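# Residue-level structural notes
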Amino acid sequence: MRDVIEKHANNSSEITWIPVKARDGETITPYYAILIEKAFEENVAVNYEKSRKLRDGEIYSPHFNYDVVKDKDIFTLEDYPSYVFISEKLKDILEKSGVTGVGFGNWHAS
């Protein structure tokens, strides 16, 4: 997955890959954690009115301001750095490459 993102994401230079090792008994498997250096502020990137919210107002399906996110194939929000959003283009490339261990949800922008 790292190689695909580095090759195809238009903003891959903003990503730091942190090596981690997962241990399962005696087996150690190397992986990478992703750190996106330039996160968007939620109040700038997210259109609250169009986002899907829980009854308490918390957003569970963000709707992004297209003009803010249009030039990023991969991004995150400052307040939610563990949520990584990718463009449809990059999603298609990742799916065609056969990477495993990752799932995709839908988000919208306008």
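If you're wondering where the values come from, they're calculated on a predicted model, not measured in any experiment.

Before going further, it helps to examine the pairing of strand 7 (residues 80-86). Note: strand 6 (residues 74-77) against strand 7, three bridges, orientation antiparallel. Note on strand 7: the bridge partner recorded for Leu77 is Tyr80. The hairpin turn running from strand 6 into strand 7, its antiparallel successor, is two residues long.

We now examine the UniProt feature "domain: Immunity MXAN-0049 protein" (unreviewed entry) in the chain. According to UniProt, the feature "domain: Immunity MXAN-0049 protein" (unreviewed entry) maps to residues 42-105 in the numbering used here. The span residues 42-105 is 28% helix and 28% strand, and its two end C-alpha atoms sit 18 Å from each other.

Per the stated rule, a full pass over the model turns up five salt bridges. A salt bridge links Glu88 to Lys91, with the nearest nitrogen and oxygen atoms 3.7 Å apart. Here the residue Glu88 and the residue Lys91 both occupy positions in helix 4 (residues 88-97), the gap between them amounting to three residues, near one helical turn. It is possible to trace a salt-bridge network through shared partners that takes in Glu88, Lys91 and Glu95.

How each quantity is defined
Residues numbered from 1 in each chain as written. Predicted model: local features only at pLDDT ≥ 70, side-chain atom pairs only at ≥ 80, totals over all residues. Heavy atoms only, no water. Pairing = 2+ DSSP bridges. Helix = DSSP H or I, 4+ residues; strand = E, 2+ residues; numbered from the N terminus. UniProt positions renumbered as here; feature names shortened; annotations may be inferred. Salt bridge = Lys/Arg side-chain N within 4 Å of Asp/Glu carboxyl O.

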